[in-house]
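Here's the letter readout for the chains.
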Amino acid sequence: MLKTEILKRPLSLIIRDIPTIVDFLDNFCLRKDNLTFNAVLDDIPESYWQEKGLSREEVTKMFLDFVEGTMNIRKSNEIRYMEVIAGIDKDREPEPCSLLLKPGEVTCIVGPTGSGKSRLLADIEWLANGDTPTQRKVLINGKIPDDDLRTRLGGKLVAQITQNMNFVLDMDVQNFLLLHARSRFLEKPEEKVCEVVQLANELSGERFSSKTPVTLLSGGQSRALMIADVACIGQAPVILIDEIENAGVDKQKALGLLEKQEKIVLMATHDPLLILRAGQRIVIRNGGMQKMIKTNRAEKDFLLELEKMDGAIREARDFFRSGHSIQQDDRLTGKK
């Protein structure tokens, strides 16, 4: 973006694209979101410059340097693709294949219980560099992440959703989400909180309110909240999910929500509905990556049949959850 264009953009748009610019504007008492940076400076009295010991040109240069520096860091942090380079399996035999992950793709990890699916997720989360039991290496944009990149991405690369998620914070859902939204410098954080709560309730089997203490959420409610939070507030480019089918959430809706985020989504699962909805799957046996399978047309057609059966099962589950029962005559006539 040209520097002249930046100075002519309303600050509200710059804050939307670069939330951390708020710190700069507040520090210099220059935040007027509806105005451009030039227009804000036009309203500054001469006494301001004398008090700060700065000139308009100096502050403008600092502002532009801040924006340019942030954009350069963001560009260097962009993940175009991620690779998991083959290591060894539990018998210390070489893995037959590696794994390529791209933003906007959903990849499933499949294999028997205990085969090593969670280990693969852990290798990615830790950016393994031959220093884990599998000796795998994780590359970002074709390179091993150096210490500088690891520092910049620290805590911002991966969002992980597991079956066991428990809160220990003594606050309600609204304040918990507000804390997260404000830490990301999001515009209108209150509106974002409402969006997350609404989405979480669509995913959860049992509704909850924004005033519910997070420690009182059920397992399914907690995971539904985290999925909605990751989709709407979280900025991590990589999402790791461990067996969402047992998480007490609407798995199809949850995956559809995450697919829209243009992030790398990797999911360990046994569920054929999730496996076939993903674009590809990596097969794990004896702790090693055995082969990569692309979801084909026949499998997509079979998925439609599975979705019909799953719909009937969900309908029956809701029927019994609501306290209804089936009588003998109902079975004979097909009535509910």
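Attention here is on the structure that accompanies the text. (Residues numbered from 1 in each chain as written. Predicted model: local features only at pLDDT ≥ 70, side-chain atom pairs only at ≥ 80, totals over all residues. Heavy atoms only, no water.)

## Some words on the nonpolar core
In this structure, Val 173, Leu 177, Val 196, Leu 225, Ile 227 and Leu 258 are the most contacted members of the largest nonpolar core, which totals 46 residues. No other element matches helix α11 (residues 219-232), which puts eight residues into this core. Within the second largest apolar cluster, 23 residues are counted, among which are Ile 109, Val 138, Leu 157 and Ile 264. (Core = buried A, V, L, I, M, F, W, Y, C linked by side-chain atoms within 4.5 Å. Buried < 20%, exposed > 50% of the residue type's maximum accessible area, 1.4 Å probe, protein only. Helix = DSSP H or I, 4+ residues; strand = E, 2+ residues; numbered from the N terminus.)

## Some thoughts on the packing of aromatic side chains
Where two aromatic rings form a pair, the distance of their centres and the angle of their planes describe that pair. Within the structure shown, the criterion is met by six aromatic pairs. Look at Phe 24 and Phe 63: their rings are 5.9 Å apart centre to centre, the planes differ by 50°, and that puts the pair in the tilted class. Remark: Phe 63 occurs in helix α6 (residues 56-77) and Phe 24 occurs in helix α3 (residues 21-27); sequence separation between them is 39 residues. Residue classification places Phe 63 among the buried positions, given a relative accessible area of 0%. On the basis of an interplanar angle of 50° and a centroid distance of 5.8 Å, the ring pair of Phe 24 and Phe 66 is categorised as tilted. One end of the pair, Phe 24, is in helix α3; the other, Phe 66, is in helix α6, with 42 residues separating them in the sequence. Phe 24 gets classed as buried once you look at its relative accessible area, which sits at 8%. Among the residues examined, Phe 66 registers a relative accessible area of 29% and is labelled partly exposed. Ring-pair connections join several aromatic residues into one group, and the members of that group are Phe 24, Phe 28, Phe 37, Phe 63 and Phe 66. (Phe/Tyr/Trp six-rings, centres within 6.5 Å; stacked < 30°, edge-to-face > 60°.)

## Here's the deal with the sheet that holds strand β8 (residues 280-285)
The strand order β5-β6-β7-β3-β8-β9 describes an open sheet built from six strands, whose pairing is mixed. At either end of the open sheet lies a strand with only one pairing partner, and these are β5 (158-161) and β9 (288-294). Strand-to-strand twist in this sheet, taken as the mean axis angle between neighbours without regard to direction, amounts to 20°. Lying on the sheet, helix α7 (residues 117-125) is in contact with β3 (106-110), β5, β6 (238-242), β7 (264-268), β8 and β9; it crosses β6 at an angle near 155°. (Pairing = 2+ DSSP bridges. Axes fitted to C-alpha atoms, helices over the stretch in contact; angles between N-to-C directions. Contact = heavy atoms within 4.5 Å.)

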